[in-house]
Each structure stands twice: as structure tokens, then as C-alpha cells.
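Observations on chain architecture
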Amino acid sequence: MRTTGGRRVLERQRGLSMTGWLLVLIAVFSIATLAIRVVPVYIDYRTVNSVIEAAVASEQVDRMSKRQFFDNLTDRLRINSIRGWPLAERVTFERKKEGLFVDLVYEERVDLFANVDLVISFENHYEKR
């Protein structure tokens, strides 16, 4: 409080209290933790997606067997620094008289903290007729 001309005037405090700063820090820490855990999963997915799109669009895919296709994908993923990725579990390759069909379906489980997990699922369909 201060006085001006004999009257007492209440001044407003500016800024956050200690509790306010603590809540801000908790929110920032939570968002940063979530981003650190989730962003690499999406980067890997986008890389795998572009590799499969390029493989399906290539001219050589018409002459490839299923095994050659998976070997080609494995090599392309290795070049893009994605190793140990279980292609057989996540990618299906099917050749029909209508054309070539490839499906990418998988879930990625990310540990957030303690016993809390985040499940991110991806599904994409590619075809060449």
C-alpha cells in the first residue's frame, strides 16, 4: 500500500507467484518430454513412408519377387539410418492381376513416465497398377 494525498491506494503486484512458476515449469517439462518421446517416432514413420512410396513407384518393382522387394526395402531403410525395423511384421506385399499392393500397418509404444505409455498407430496403403 502507498499513500497519495492522504488516501491509501492498493498497488497490484506483477508477475507470477512461486506456485505459478512451478505450474509453468511442470507444463513446459511435460510438453518437452512428450515431444522428445514422440517426434522421433514420427520422423521414422515419415522416412519409412517415403522409402516405401519410392520403392513401389520404381520401375524395377514390377520384376521383383517378394523377397527381393523386402531386401530392397531393408537396404533403403539402412541407408536412411533405420536399422532393426521388423519389416515382415509391419509391411505386407501382395501381387495380384490388378497390380501390386503394399500395406504398412504397425503400432509403436512409447514410455512416457513410470507406468504410463503412449501408443501411436500407423496405417498406410500403397498400390501400383
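The notes below deal with the structure included here. Model, not experiment: these values are computed from the prediction. (Residues numbered from 1 in each chain as written. Predicted model: local features only at pLDDT ≥ 70, side-chain atom pairs only at ≥ 80, totals over all residues. Heavy atoms only, no water.)

**Looking at unusual backbone geometry**
- Positive phi is not limited to glycine here, since Ser 81 has a value of about 65°.
- On the secondary structure map, Ser 81 appears in the loop between helix H2 (66-79) and helix H3 (87-90).
- Take Ser 81: its relative accessible area is 56%, and that puts it in the exposed class.
- Phi angles above zero are rare outside glycine, and Ala 114 is one such case at about 45°.
- A residue is classified by how much of its surface remains accessible, and Ala 114, at 79% relative accessible area, is exposed. (Helix = DSSP H or I, 4+ residues; strand = E, 2+ residues; numbered from the N terminus. Buried < 20%, exposed > 50% of the residue type's maximum accessible area, 1.4 Å probe, protein only.)

**Considerations on the nonpolar core**
- Among the nonpolar cores identified, the biggest contains 27 residues, and Ile 52, Phe 69, Leu 73, Trp 85, Val 91, Val 102 and Leu 104 are the most heavily contacted of them.
- Broken down by secondary-structure element, the contributors of at least two residues to this core are helix H1 (18-57), H2, strand E3 (91-96), strand E4 (99-113) and strand E5 (116-128).
- A per-element tally of this core places H1 first, with eight residues.
- Beyond its immediate chain neighbours, meaning those up to four positions away, Leu 73 contacts Val 51, Ile 52, Ala 55, Leu 87 and Val 91. (Core = buried A, V, L, I, M, F, W, Y, C linked by side-chain atoms within 4.5 Å. Contact = heavy atoms within 4.5 Å.)

**Focus: the sheet that holds E4**
- Strand order across the open sheet formed by three strands is E3-E4-E5, with antiparallel pairing between neighbours. The open sheet has two edge strands with one neighbour each: E3 and E5. Put simply, the sheet's adjacent strands are angled 10° from each other on average, direction ignored.
- Judged from the 13 bridges that link them, E4 and E5 form a sheet pairing that is antiparallel. Residue pairing in the sheet places Asp 103 in a bridge with His 125 of E5.
- Of the strands in this sheet, E3, E4 and E5 touch H1, which is tilted by about 15° from E5. (Pairing = 2+ DSSP bridges. Axes fitted to C-alpha atoms, helices over the stretch in contact; angles between N-to-C directions.)

**Here's the deal with the packing of H1 against H2**
- In contact at an axis separation of 10 Å, H1 and H2 are set at 135° when each is read in the N-to-C sense. When the interaxial angle is binned, H1 and H2 end up oblique. Judged by the twist between their axes, the crossing of H1 over H2 is right-handed. Only Phe 69, Leu 73, Arg 76 and Leu 77 of H2 make contact with H1, whose side of the interface consists of Val 48, Val 51, Ile 52, Ala 54, Ala 55 and Val 56. (Parallel < 35°, antiparallel > 145°, perpendicular 65-115°, else oblique. Left-handed = near helix turned anticlockwise from the far one by under 90°.)

**Some words on the packing of aromatic side chains**
- The final tally for this structure, using the stated rule, is six aromatic pairs.
- Residues Phe 69 and Phe 93 carry aromatic rings whose centres are separated by 4.7 Å and whose planes lie at 35° to one another, so their mutual orientation is tilted. With a gap of 24 residues between them, Phe 69 in helix H2 and Phe 93 in strand E3 connect regions that are remote in the sequence.
- Ring geometry for Trp 85 versus Tyr 106: centroids 5.1 Å apart, planes at 85°, classification edge-to-face. With Trp 85 in the loop between H2 and H3 and Tyr 106 in strand E4, the pair connects residues that are 21 residues apart, well separated along the chain.
- Judged by its relative accessible area of 15%, Trp 85 is buried. (Phe/Tyr/Trp six-rings, centres within 6.5 Å; stacked < 30°, edge-to-face > 60°.)

**Description of the pairing of E3**
- Pairing of E3 with E4, which is carried by six bridges, proceeds in the antiparallel orientation. Residue pairing for E4: Phe 93 is matched across the bridge by Val 102.
- As consecutive antiparallel partners, E3 and E4 are separated by two residues.

Read these as geometric descriptors, not functional statements.
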